[in-house]
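Single-letter residue listing:
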Amino acid sequence: MNPRSQRTQELVAEDRAHLWHPFSQASEWESEDALIVERAEGRWLFDTDGNRYLDGISSLWVNVHGHRHPEVDKAIIRQLGLIAHTTLLGLGSPPSIELARRLAGLCPGDLVRVFYSDNGSTSVEVALKMAYQYFQQRGRPGDAARTRFIAFTDAYHGDTVGSVSLGGIDLFHGIYKPLLFDALRAPYPYCYRCPLGKAQGTCSDACLQRLEEILAVHGSETAALVIEPLVQGAAGIITAPPGHFRSVADMCKRHGVLLICDEVATGFGRTGTMFACQQEGVVPDFLCLAKGISAGYLPLAATVTTDEVYDVFRGPYAAHRTFYHGHSYTGNALACAAAIASLDVFLNEKVLEGLPDKVQRLRDRLGERIASHPNVGDLRQCGLMVGIELVADRFTKAGLPLEDRIGRQVILEARKLGVMIRSLGDVVVLMPPLAITGEEIDFLVDVTARSIDAILGRAQ
Ligand SMILES: Cc1ncc(COP(=O)(O)O)c(C=O)c1O
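Residues numbered from 1 in each chain as written. Predicted model: local features only at pLDDT ≥ 70, side-chain atom pairs only at ≥ 80, totals over all residues. Heavy atoms only, no water.

This brings us to the packing of helix α4 (residues 70-80) against helix α12 (residues 333-348). Between α4 and α12, whose axes approach to 8 Å, the crossing angle comes to 145 degrees. At the point where α4 passes α12, the crossing takes the right-handed sense. Listed contacts from α12 to Glu-71, Val-72, Ala-75, Ile-76, Gln-79 and Leu-80 of α4 are Ala-333, Leu-334, Ala-337, Ala-338, Ala-341, Ser-342 and Val-345. Taken together, the residues of the contact of α4 with α12 break down into ten nonpolar, two polar and one charged. (Axes fitted to C-alpha atoms, helices over the stretch in contact; angles between N-to-C directions. Helix = DSSP H or I, 4+ residues; strand = E, 2+ residues; numbered from the N terminus. Left-handed = near helix turned anticlockwise from the far one by under 90°. Contact = heavy atoms within 4.5 Å. Nonpolar A, V, L, I, M, F, W, Y, C, P; charged D, E, K, R; others polar.)

As structure tokens, then:
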């Protein structure tokens, strides 16, 4: 590690004086030697003192093809020579049109209508409002009564008030309860710690039965169900058993409830296919995309829906069917140019075709180096998304003391060894860019294993 320069020290002091960091305890942040990232090459980040770190969480789950990919860089610079931004309120722009056409071709089934916003939270917020308004104006008997939403335990859909209402992580969302609308809550299959108290493997899909009960009572008053398909990200990379998602989708269909798939985290290859919903042959009514959509370069989101939904919003102005929602930077031209270039890279570099080997190598290395550690209670993987749940005792599943901040200690240790990762409580998360190489996968897992050993003792 290079020593801290005078410049770094000054930046840290100014950061402490003026910034408020997201999802960070200020007292903890102020007591640490903050790391200031200045530049990147491919999968590697460099701090202001020239130390390099493997980007093991894709800069918070957004980066896809590595940093400074020449084709994405070029596309943004080319677009900058034309215009950086113009509004989509009442005007069109070539990059937003081309990207919408490309997304319509890529998304499953009849998902052909694209509404842009800026981030994952707003992509869900948009779907939520569209689903609600759809039933208010479709005009079939019983439609107007469909005003409620079903979401899952431990769900995370973002930080705007609508998205927080759908969220189920008490630590993040509890304090805002008085501000939120009341979502119906179905259990997500967090099988390691079953929300229904069932033993793993003996539950006969009890969480699906519970959802069926909720739908039986509340289906006719429900507009939509919102789900993170295959894997809940922020809850700690909770992987659902095969077929669970498909069953949820089928139930929604039977009860006339719209299905909103929040693929903000899982979209763009992260689970091994372009979209997670494709793995179980599900075509939702709304597909929420953000994070990887712009390859991790610029804020951009899309809520993709069907023309059947769109048609309900058409009509004479005075009929008040307009969707009154939009943001200043909706459909930003630079971000759309980056997203188009990213889709080209997916094709030209056969990114999806290269994933199975990487996913398997990651699985093998985790199995060899981490799975048997006595403090690893559960090891979950879906594609290139990994959650390593650390516990005090793997037999009783007792958690580690909150105040010890073990997950955090592990990631700080990994940083010293040249890997940037993050933890969600005591779940250590690995989510490398799709462009990670085989050797880098080995390094990522090796450093993670050594960091767990350093903090919790060596595996026997
Ligand atoms: C599944 C899911 N939905 C929504 C969001 C919110 O996205 P953003 O942080 O871009 O608002 C996230 C962020 O992690 C997410 O994982």
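Moving on to the domain arrangement of the chain. When the parts of a complex come together, some accessible area is lost, and that lost area is often used as the size of the interface. Domains assigned within the chain are domain 1 (35-64 + 353-456) and domain 2 (73-348). Spacing between the C-alpha centres of domain 1 and domain 2 amounts to 27 Å. Facing the 27 residues of domain 1 at the interface are 24 residues of domain 2. Between domain 1 and domain 2 the total buried area reaches about 2200 Å² when both faces are included, carbon and sulfur atoms providing 61% of it. (Domains from an automatic or database assignment. Buried area = accessible area lost by both parts, 1.4 Å probe.)

Judged by which residues are buried, strand β11 (residues 286-289) turns out to be covered on both faces: Phe-286 and Cys-288 on one side and Leu-287 and Leu-289 on the other are all buried. As judged from the four bridges shared by β11 and strand β12 (residues 301-306), these two strands associate in the antiparallel manner. Bridge pairing in β12 links Cys-288 to Thr-303. (Buried < 20%, exposed > 50% of the residue type's maximum accessible area, 1.4 Å probe, protein only. Pairing = 2+ DSSP bridges.)

Moving on, we get to the sheet that holds β11. What the seven strands build is an open sheet, ordered β4-β12-β11-β10-β7-β5-β6; its pairing is mixed. Edge strands, defined here as strands with exactly one partner in the open sheet, are β4 (111-117) and β6 (184-186). Direction aside, the axes of adjacent strands within the sheet are offset by 20 degrees on average. Helix α5 (residues 94-106) contacts β4, β11 and β12 of the sheet and is inclined by roughly 135 degrees relative to β4.

With that settled, the discussion passes to the sheet that holds strand β1 (residues 37-41). In spatial order, the strands read β1-β2-β3-β15; together these four strands make up an open sheet with mixed pairing. Edge positions in the open sheet fall to β1 and β15 (419-420), since each of these has one partner strand only. Here strand β3 (residues 52-55) pairs with β15 via two bridges, running parallel. Across the sheet, the residue bridging to Leu-54 is Val-419, located in β15.

Residues Leu-225 and Ile-388 are the most contacted members of the largest nonpolar core, which totals 100 residues. By residue number, the principal contributor to this core is α12, which donates ten residues. With residues near it in sequence (within four places) discarded, Ile-388 still touches Leu-366, Ile-370, Val-376, Asp-378, Leu-379, Asp-426, Val-427, Val-428, Leu-430, Thr-448 and Ile-452. Membership of the second largest hydrophobic core comes to 27 residues, among which are Val-126, Ala-151, Ala-183 and Ala-224. (Core = buried A, V, L, I, M, F, W, Y, C linked by side-chain atoms within 4.5 Å.)

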